[in-house]
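What follows is the residue order along each chain.
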Amino acid sequence: MGDVKKKIKPGQMELHPEELAIVVNYEEELYEEDMSHKVHATGMIAQLFRQTENFESLLSHETLLQTLARLMREEMKKSIDLCVNIVSVFFSISNFSQERKLLTLIQKQDRLLYLCLYMLLNLSEDVGVEKKMKKKNVVVYLVKMLDRSNVELLILATTFLKKLSIYKENKEKMVECRIIDKLAKFVPVRNDVLLMSVLRLLHNLSFDGILRDAMVKNGLIPKCVELMVVPRFQPVVLGLLYHISMEDKYKSLFTYSECIPRIYEMLTRVQDLRNTPELIALAVNLTQNGRNAEALCEGDRFDRLIRRAFQTRDELAFKVMRNLAQQEAMSVKRRFGPYIEQMVQLLKLPEITAELFVEVLGCLANLYLPEFDFFNLVRKHDLLRFLATYAQPGAVDDDILLEVVMFVGVLCNEGTAHMLCDSGL
């Protein structure tokens with residue numbers, strides 16, 4: 001076994017006869033009982049295959065690839081190092097073969113790569129093995145797999161990448177590999193299973209600001225908006241768009257897509273908004289932007305939204321209305337005018353929930369309309385005395401108390417000043 005340790009110069013155009021003999025020695029080492037010998041041999045073979053100049057000579061060994069494939073099938077559960085080394089060999093060969101359009105060989109390689117990745121994915125269920133994969137550059141191999149065309153292999157690669165993306169180091173490596181550039185071409189793709197796998201991976205990656213930037217640059221906002229109408233993709237797409245919408249610099253980009261009209265349709269169609277938290281989160285984020293808020297109020301949209309909110313008494317619907325009420329544009333605020341008294345009536349219902357109370361009060365606290373008759377509203381509903389009960393020390397949480405104070409400020413004018421003094425506030 002002494003010859004096995006000799007150095008090989010992989011940068012040469014082709015291997016010399018004595019070096020080919022060393023390759024034979026590596027191949028023989030693959031049959032050793034000791035796993036360390038097999039790992040060493042596969043590692044050295046993988047190193048040689050990293051240089052395409054060596055391919056012609058290496059591929060002249062007819063039994064080499066067959067031996068590696070057999071070893072992968074029989075021994076892959078025993079050593080992660082062995083598995084990664086063999087994967088790297090076949091991945092190197094796959095790139096070489098693609099350049100030469102050897103389709104039959106590519107198909108065989110795809111099957112073997114699938115087997116390799118499948119076993120690696122199963123091995124990664126062991127946390128210790130999964131951490132070891134970070135040191136073996138498995139992420140780099142997986143990202144390169146996204147250049148392949150085999151659907152099953154792509155599904156497996158994206159599933160594996162999603163699992164590994166929870167680790168910061170892996171995510172940073174994905175950034176280096178420009179993973180979003182590769183994934184964007186699959187949104188959309190005709191295979192629904194692959195598309196779902198890609199979207200789930202993108203959703204995981206969208207927690208990272210750098211990767212969100214890459215998604216926007218690759219045009220994923222309009223692409224994902226198109227998928228909002230497909231029920232099976234809605235939750236993951238809405239979650240992905242929600243993460244992007246957290247960036248103030250990107251909120252305005254949604255104005256120029258079909259996102260706002262589709263959000264409106266979903267808000268008026270969904271029976272229970274508690275079942276669609278991603279929809280509410282996205283709607284709340286986007287309505288913090290003035291243009292998006294105005295777009296959501298166009299035509300009869302506002303009236304239909306607020307009437308449905310009254311009908312369902314859904315605090316999530318009023319959470320969206322509260323964002324609209326907070327807009328500086330008076331054209332948006334004035335749309336609330338005909339509904340202010342109805343909101344006060346809702347606020348005073350004995351059976352109102354604490355969550356709904358906060359959202360309705362939050363709307364009213366932001367609706368100072370100079371032309372509105374607050375004097376008659378206060379007098380008719382004894383509103384100031386009602387609010388005074390919530391202003392007592394320790395009566396409510398500070399966030400509710402703040403909204404009470406703001407609403408009192410809205411109500412306070414020359415006509416209501418004396419009533420404010422009499423209320424105990």
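Counting from 1, residues in each chain are numbered in the order their sequence is written. Two thresholds apply to this predicted model, a pLDDT of at least 70 for residue-level local features and 80 or more for giving and counting side-chain atom pairs, whereas whole-chain, interface and lining totals are computed over all residues. With hydrogens and water set aside, each side-chain value is computed from the structure's full complement of heavy atoms.

- The name an unreviewed UniProt entry assigns to the protein chain is Kinesin-associated protein 3, from the organism Haematococcus lacustris.

**A closer look at the overall build of the protein chain**
Move 1: In this description a helix means any DSSP run of H or I spanning at least four residues, a strand means any run of E spanning at least two, and both kinds are numbered starting from the N terminus. When you go through the protein chain residue by residue, the secondary structure sums to 28 helices and zero strands.
Move 2: If you take every contact in the protein chain between residues at least 6 apart in sequence, the share linking residues at least 24 apart comes to 70%.
Move 3: The protein chains shown are the only cover counted for residues, whose accessible areas, like all others here, come from Shrake-Rupley with a 1.4 Å probe. Carbon and sulfur atoms form 51% of the exposed surface of the protein chain, whose accessible area is close to 20,500 Å². Here a residue-residue contact requires only that any non-hydrogen atoms of the pair lie within 4.5 Å.

**Section: the environment of Leu48**
Move 1: Within the secondary structure, Leu48 sits in helix 2 (residues 35-49).
Move 2: Between the alpha carbons of Leu48 and Val89 there is a distance of 8.8 Å; along the sequence they are 41 residues apart.

**Here's the deal with the nonpolar core**
Move 1: Here, the term nonpolar core denotes a set of buried Ala, Val, Leu, Ile, Met, Phe, Trp, Tyr and Cys residues that are joined through side-chain atoms within 4.5 Å. Per-residue accessibility, obtained with a 1.4 Å probe over protein chains only, is compared with the maximum for each type, and a residue is labelled buried under 20%, exposed over 50%, and partly exposed between these values. If you look at the biggest cluster of nonpolar residues, it comprises 145 residues, and the most contacted ones within it are Ile179, Phe318, Met343 and Phe407.
Move 2: It is helix 5 (residues 80-99) that contributes the most residues to this core, 10 residues altogether.

**Let's talk about helix 24 (residues 354-364)**
Move 1: Across the 11 residues of helix 24, nine count as buried, placing the element largely inside the fold.
Move 2: Of all the positions in helix 24, only Leu356, Phe357, Val358, Glu359, Val360, Leu361, Gly362, Cys363 and Leu364 are classed as buried.
Move 3: Contacts from the buried residues of helix 24 go to helix 21 (315-325), helix 23 (340-347), helix 26 (383-388) and helix 27 (398-411).

**Concerning the confidence of the model for the protein chain**
Move 1: One number per residue, pLDDT, summarises how confident the predictor is, and it ranges from 0 to 100. On average, residues of the protein chain score 86 in pLDDT, and 89% of them reach the 70 mark or higher.
Move 2: Here residues 1-13 is modelled with pLDDT under 50, and outside its nearest four sequence neighbours on either side it reaches 27 contacts, counting other chains as well.

**Brief notes about the pattern of salt bridges**
Move 1: Salt bridges are defined by distance alone: a side-chain nitrogen of Lys or Arg within 4 Å of a carboxyl oxygen of Asp or Glu. Per the counting criterion, the structure on display carries 22 salt bridges.
Move 2: Arg70 serves as the salt-bridge partner of Glu74, at 3.0 Å between the closest nitrogen and oxygen. With Glu74 and Arg70 both in helix 4 (residues 62-75), this residue pair falls four residues apart, about one helical turn.
Move 3: Classification of Arg70 as partly exposed rests on a relative accessible area of 24%.
Move 4: A salt bridge links Lys182 to Asp147, with the shortest nitrogen-to-oxygen separation between them at 2.9 Å. Taken as a pair, Lys182 in helix 11 (residues 179-183) and Asp147 in the loop between helix 8 (138-145) and helix 9 (151-164) lie far apart in primary sequence, 35 residues in all.
Move 5: One salt-bridge network, in which partners are shared between bridges, spans Lys319, Arg322, Glu359 and Glu403.

**So, helix 14 (residues 220-227)**
Move 1: Within helix 14, burial applies to Leu220, Ile221, Cys224, Val225 and Leu227. Down the axis of helix 14, the sector holding all buried residues measures 155°, keeping them to one side.
Move 2: Looking at the packing, one finds that the buried side of helix 14 touches helix 11, helix 12 (192-205), helix 13 (209-217), helix 15 (234-245) and helix 17 (259-269). As used here, the arc belongs to the directions running from the helix axis to the C-beta atoms.

**Things to note about the packing of aromatic side chains**
The description of an aromatic ring pair rests on the distance of the ring centres and on the angle between the ring planes.
Move 1: A pair of Phe, Tyr and Trp rings is counted when the ring centres sit within 6.5 Å of each other, with Trp represented by its six-membered ring. The angle between the planes then sorts it: under 30 degrees is stacked, over 60 is edge-to-face, the rest tilted. Applying the stated criterion across every chain yields a total of seven aromatic pairs.
Move 2: Ring centres of Phe302 and Phe336 lie 4.7 Å apart, and the angle between their planes is 75°; this geometry places the pair in the edge-to-face category. Of this pair, Phe302 sits in helix 20 (residues 301-312) while Phe336 is found in the loop between helix 22 (330-333) and helix 23, placing the two residues 34 residues apart along the sequence. One exposure class covers both Phe302 and Phe336, and it is buried.
Move 3: Aromatic ring contacts, followed pair by pair, group Phe302, Phe310, Phe318, Phe336 and Tyr339 into a single cluster.

**Considerations on the side chain of Thr287**
Move 1: By the secondary structure assignment, Thr287 is in the loop between helix 18 (277-286) and helix 19 (290-296).
Move 2: Residue classification places Thr287 among the buried residues on the basis of a relative accessible area of 3%.
Move 3: With near-sequence residues (within four places) excluded, Thr287 lies in contact with Ala293, Leu296, Val320, Asn323, Leu324 and Gln327.

**Describing the side chain of Arg322**
Move 1: Turning to its location among the elements, Arg322 is positioned in helix 21.
Move 2: Apart from residues lying up to four places away in sequence, Arg322 is in contact with Val358, Glu359, Gly362, Cys363 and Glu403.

**Some thoughts on the packing of helix 18 against helix 21**
Move 1: Axis lines are fitted to C-alpha atoms, over the contacting stretch for helices. Their N-to-C directions set the angle, which ranges from 0 to 180 degrees. For the pair helix 18 and helix 21, the least separation of the axes is 9 Å and the interaxial angle reads 10°. Here helix 21 runs roughly parallel to helix 18, going by the angle between their axes. Counting all contacts with helix 18, which are made through Ile280, Ala283 and Val284, the residues of helix 21 involved are Leu316, Lys319, Val320 and Asn323.
Move 2: When residues are sorted by character, Ala, Val, Leu, Ile, Met, Phe, Trp, Tyr, Cys and Pro go into the nonpolar class, Asp, Glu, Lys and Arg into the charged class, and all the rest, Gly among them, into the polar class. For the contact of helix 18 with helix 21, the per-class residue count stands at five nonpolar, one polar and one charged. Between 65 and 115 degrees an angle is taken as roughly perpendicular, under 35 as roughly parallel, over 145 as roughly antiparallel, and anywhere else as oblique.

**Notes on the environment of Asn292**
Move 1: Within the secondary structure, Asn292 is located in helix 19.
Move 2: Judged by its relative accessible area of 0%, Asn292 is buried.
Move 3: Each C-alpha atom, one on Asn292 and one on Tyr256, is 9.2 Å from the other, the two residues being 36 residues apart in sequence.
Move 4: Sequence-distant contacts of Asn292, defined by excluding residues within four places in its chain, comprise Lys251, Phe254, Thr255, Ile260 and Leu286.
Move 5: Here Thr255 takes part through its side chain, which lies 2.5 Å from a polar atom of the side chain of Asn292. The term polar contact refers here to a pair of N or O atoms within 3.5 Å; inside protein, the definition further demands a hydrogen-donor-capable atom paired with an acceptor-capable atom, and it admits residues adjacent in sequence only when both atoms are side-chain atoms.

**Points about unusual backbone geometry**
Move 1: The step from Val187 to Pro188 runs through a cis peptide bond, and the omega angle for that step is 0°.
Move 2: Positionally, Pro188 belongs in the loop between helix 11 and helix 12.
Move 3: A positive phi angle, near 55°, is found at Arg178, a position not held by glycine.
Move 4: Tracing the sequence through the fold places Arg178 in the loop between helix 10 (168-176) and helix 11.

**Re the packing of helix 21 against helix 24**
Move 1: The interhelical angle for the contact between helix 21 and helix 24, taken along N-to-C directions, is 20°, at an axis separation of 8 Å. If you check the angle between helix 21 and helix 24, you find them roughly parallel. Here helix 21 and helix 24 pass one another in a crossing that is left-handed. In this structure, helix 21 contributes Glu315, Phe318, Lys319, Met321, Arg322 and Ala325 to the contact, and helix 24 contributes Glu355, Leu356, Val358, Glu359, Val360, Gly362 and Cys363.
Move 2: In terms of residue class, the contact of helix 21 with helix 24 is built from seven nonpolar, one polar and five charged. Should the near helix be turned counterclockwise from the far one by less than a right angle, the crossing is left-handed, whereas a clockwise turn marks it as right-handed.

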